[in-house]
Amino acid sequence: MTDFWISAGWPARVSLALLAAFALAALFAPVAAPYDPAAQNRRHPHHPPMRVHLAPPGEWSEGPLYVHKTKLADIRKRRYEETEERIRLSFFKRGKVLTTADPDARLFLLGTDALGRDFFSRLVYGGRISLSIGLVGVAISYTLGILIGAFSGYVGGRTDFVIMRATEILMSLPTFYFLLALAVIIPATLPSSLTYLLIVAILSFIGWAGLARIVRGLVLSEREREYVLAARAMGASGARVLVRHVVPSTFNYAVVSATLSIPGYILGESALSFLGLGIKDPDSSWGLLLAEAQNVEYLLRFQWLLIPGLLIFLTVMAFNFLGDALRDHMDPKRRGKD
Amino acid sequence: MTDPPLLAVENLTKHFPVESGWWGRPRPPVRAVDGVSLHLDKGEVLAIAGESGCGKSTLGRAVLRLIEPTSGAIRLDGTDVLALSRQELRKVRRRMQIVFQDPYASLNPRMRVGGIVGEPLRIHNLAGGTALREKVAELLETVGLPADAESRYPHEFSGGQRQRIGVARALAVQPEILIADEPVSALDVSVQAQILNLLQDLKEKYDLSFIFISHDLNVVRFFSDRIAIMYLGQFVEAGTNAQVFGLPHHPYTVALLSAVPVPDPARKRDRILLPGDLPNPAAPPPGCRFHTRCPLRMPLCESAVPALTPREDGRLVACHLSGPARMGG
């Protein structure tokens, strides 16, 4: 890991730091988020993000940071006016990283949604789903894809033929409609955690076929290599040759391809959530939050609703940079040259 | 030949099927190895020489069952290797190891040298933990590699050093027979000599038997006790080094030897240039397989297949001519 940090360029380091920050926030969501993601503040619909001010050093005993209290000036236009009254912020109070000193006051770091729910808290909790769905999905589909593909290519013959025809059938299904059809099977009354697992399963089930075909191709060329022959000559079993020599040769490809397909899972989840077939309110995911930005009028007036889109973008970019750096790092011929 | 040989191969054949078209009639297979018999005694080096595509590498791999032979018999100390199950075969593989031609392709680029050399030990559960590391260090020293090689990757080494790694790996399980498939032809001439000397030392140290496959007759002459010349999947002449190099009998052997470069500009050489290319092994010529290119062919050669028969000095020759072939000059 330290090797990797040294060999990686700054884009990869920034990406890693960013993803680590996102992951930490998601992991410790109850501490990182000031509020429950489902808690509504009906008097603060579409409240804009609050500007955080630094207090003069003399007032630091009450807390170095403060925001202005706001008042709803026009409920129809969702126009808020700042008052002179200050709301002091404090760190590590009531088990939160950053919250108001006064438990009854409200802090909307990134504004609120139509129901006055704190957008920052919803983003933090939504990150739990959006970040993990890519990782879990890729873990499942890549395990399946690599194992099935490698087995198919290595064994060859009739087995190979049957497996490849199966992947073709799977790949010929129009993905999104297939996804819809499968999602409909999930009962609406199911708790979100189960829905989440089912979505991952569905996405992975579709995802492995393409990878299996590519891995099979790689294995076909790899198994004729002399070092594979050498392993067989040593007396290595088929399973050992496959696991120790053939499968690792596909890792370079798989790592890059995996980082590139994580966004697909994140977007797949958001597409389903948007259509009401994935994560449902009051639970939160970046895709679901972004769905609120569908309305053009909302977009023009409440730009902060686009933040989940920005987070998805940053995450996708970060995974791409990380994938590039990992590929370079894993190529033994480049090792020791950077 | 009172004792049974260490390794006896009888009538070994490997036919590669040729894919036929959708509606096409099945095409004849490529007969890469077509009825080869050989024997190898303990501590002996048998060279198999011939031009590219004659089937010598296929023969080496078929003997190890890396390529499944089509028919024939392979007996190692009387055990029929072809009758063994996969499990039994894996145990037998300890006794026969192979060194490959291309030291760049035969080492897994993703494994450290220690892992590569230690793998056969791990496979056969011969050593683990500290004992494994010690054994690997010992092997690396035996083949003349620095001790720190263990933690490095194959790409950090030169061709000659990589071939040493390949040799160390083959030696790890203490085999009795080493099949060297063109072990030096991918290397520079100066490095070739080093590797050949290493193999020679190891042969004496461990009493190894070799099947040494090469197209380089100078190398063969240096290294082998007996030599078999292969043409189009079959042996055409087999005898001791002195017999074959001293006075070749088969016209093909004569032609091959005449093509060997001699480091003496003053010496006049009569090179015998064979017309044409190696015939298609899927459709070998009728009669003697060599008759299409043989300068001494007779009408008989086009119809009758010459059997590999012993001559008075004990060598085996497959030719209708009764004495040594005289050509050129």
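None of these values were measured; they are calculated from a predicted model.

What counts, and where the lines are drawn
- Residue positions are given per chain, counting from 1 as you read along its sequence in written order.
- The order in which chains are written sets their letters, starting at A; the order in which ligands are written sets their numbers, starting at 1.
- Under the rules for a predicted model, residues below a pLDDT of 70 receive no local features and side-chain atom pairs below 80 are neither given nor counted, while totals for whole chains, interfaces and linings still include all residues.
- Going along the chain from the N terminus, every DSSP run of H or I of four or more residues is numbered as a helix, and every run of E of two or more is numbered as a strand.
- The size measure is the radius of gyration over C-alpha atoms, and the globule rule it meets is 2.2 Å times the number of residues to the 0.38 power.
- Working definition of burial: number of other C-beta atoms within 10 Å of the residue's own, with buried at 20 or more, exposed at 12 or fewer, and partly exposed in between, all C-beta atoms being placed from the backbone.
- Two residues qualify as a contact pair if the distance between their C-beta atoms, derived from the backbone, is within 7 Å.
- By the convention adopted, Pro, Cys, Tyr, Trp, Phe, Met, Ile, Leu, Val and Ala count as nonpolar, Lys, Arg, Asp and Glu as charged, and the other residues, Gly among them, as polar.
- Paired strands, in this sense, are two strands between which DSSP finds at least two bridges.
- pLDDT is a residue-level measure of predictor confidence that goes from 0 to 100.
- For helices, the fitted line uses only the C-alpha atoms of the stretch in contact; every axis is such a line through C-alpha atoms, and the angle between N-to-C directions lies from 0 to 180 degrees.
- By the definition adopted for this analysis, an angle is roughly parallel if under 35 degrees, roughly antiparallel if over 145, roughly perpendicular if from 65 to 115, and oblique otherwise.
- By definition, any crossing whose near helix is turned counterclockwise from its far helix by less than a right angle is left-handed, and any crossing with a clockwise turn is right-handed.

## Let's talk about the overall build of chain B
Item 1. On a plain count of helices and strands, chain B comes out with nine helices and twelve strands.
Item 2. Scaling as 2.2 N^0.38, a compact globule of 329 residues should have a C-alpha radius of gyration of about 20 Å, and chain B matches this with 21 Å.
Item 3. For chain B, the spread of C-alpha atoms along the principal axes amounts to about 70 × 60 × 50 Å.
Item 4. Evaluated residue by residue, chain B yields a buried proportion of 41% over its 329 residues.
Item 5. Looking at chain B alone, contacts between residues at least 24 apart form 66% of all its contacts between residues at least 6 apart.

## A look at unusual backbone geometry
Item 1. In this model, Arg94(A) sits at a positive phi of 50°, which is unusual for a non-glycine residue.
Item 2. The residue Arg94(A) is located in the loop between strand 3 (79-93) and strand 4 (96-100) in this model.
Item 3. Here Glu182(B), not a glycine, exhibits a phi torsion of approximately 50°, which is positive.
Item 4. Relative to the helices and strands, Glu182(B) is located in the loop between strand 7 (177-181) and helix 6 (189-206).
Item 5. Judged by the 21 C-beta atoms lying within 10 Å of it, Glu182(B) is buried.

## Thoughts on the environment of Ala26(A)
All names here are of chain A.
Item 1. Along the chain, alanine 26 falls in helix 2 (residues 10-27).
Item 2. The class of alanine 26 is buried, set by 20 C-beta atoms lying within 10 Å.
Item 3. When the C-alpha positions of alanine 26 and methionine 317 are compared, they lie 18 Å apart, and in sequence the two are 291 residues distant.
Item 4. Apart from residues lying up to four places away in sequence, alanine 26 is in contact with Val124, Gly127, Arg128 and Leu131.

## Considerations on the environment of Val260(B)
Residue and element names in this part refer to chain B.
Item 1. Here valine 260 shows up in the loop between helix 9 (251-258) and strand 11 (309-310).
Item 2. When the C-alpha positions of valine 260 and alanine 105 are compared, they lie 28 Å apart, and in sequence the two are 155 residues distant.
Item 3. Not counting residues up to four positions away in its chain, the partners in contact with valine 260 are Leu217 and Asn218.

## Digging into the interface of chain B and chain A
Item 1. Listed by partner, the interface residues are 21 residues for chain B and 17 residues for chain A.
Item 2. In terms of residue count, the dominant contributor to the side of chain B that touches chain A is helix 3 (residues 113-123) of chain B (three residues).
Item 3. Of the residues contributing to the side of chain B that touches chain A, the split by class is ten nonpolar, five polar and six charged.

## Some remarks on the sheet that holds strand 4 (residues 71-76) of chain B
Residues and elements named next belong to chain B.
Item 1. In space, the four strands of this open sheet follow the order 2-1-4-5, with antiparallel pairing throughout. Either end of the sheet is taken by a strand with one partner, and the two such strands are strand 2 (30-40) and strand 5 (79-80).
Item 2. As judged from the five bridges shared by strand 1 (residues 7-16) and strand 4, these two strands associate in the antiparallel manner. Across the sheet, valine 9 pairs through a bridge with isoleucine 74, a residue of strand 4.

## Notes on the pairing of strand 4 of chain A
Residues and elements named next belong to chain A.
Item 1. Direction of pairing for strand 3 relative to strand 4: antiparallel, over a ladder of four bridges. Bridge pairing in strand 4 links serine 90 to threonine 99.
Item 2. Turn length for the strand 3-strand 4 hairpin, with the two strands adjacent in sequence and antiparallel, is two residues, and the turn residue arginine 94 shows positive phi of about 50°.

## With respect to the confidence of the model for chain A
Close reading of the predicted structure is inappropriate where its pLDDT is low.
Item 1. Per-residue pLDDT for chain A averages 84, and the proportion of residues at 70 or more is 97%.
Item 2. Taken element by element, the predicted model of chain A shows its lowest mean pLDDT in helix 1 (residues 2-7) of chain A (72) and its highest in helix 2 of chain A (91).

## A look at the packing of helix 2 of chain A against helix 4 (residues 119-155) of chain A
All names here are of chain A.
Item 1. Put simply, helix 2 and helix 4 touch, their axes get as near as 8 Å, and they point 115° apart. Relative to helix 4, the element helix 2 is oriented roughly perpendicular. When the axes of helix 2 and helix 4 are compared, the crossing they make is left-handed. In contact with Phe22, Ala23, Ala25 and Ala26 of helix 2, helix 4 contributes Val124, Gly127, Arg128 and Leu131.
Item 2. Of the residues in the contact of helix 2 with helix 4, the class split is six nonpolar, one polar and one charged.

## Focus: the environment of Asn197(B)
Item 1. Following the sequence through the fold, Asn197(B) ends up in helix 6.
Item 2. Separated by 68 residues in sequence, Asn197(B) and Gly129(B) place their C-alpha atoms 32 Å apart.

## Structural notes on helix 1 (residues 56-63) of chain B
Residues and elements named next belong to chain B.
Item 1. Most of helix 1 sits inside the fold, with eight of its eight residues counted as buried.
Item 2. Of the residues making up helix 1, those classed as buried are Lys56, Ser57, Thr58, Leu59, Gly60, Arg61, Ala62 and Val63.
Item 3. Positioned one or two residues after helix 1, arginine 65 has a phi angle of 60°, which is positive.

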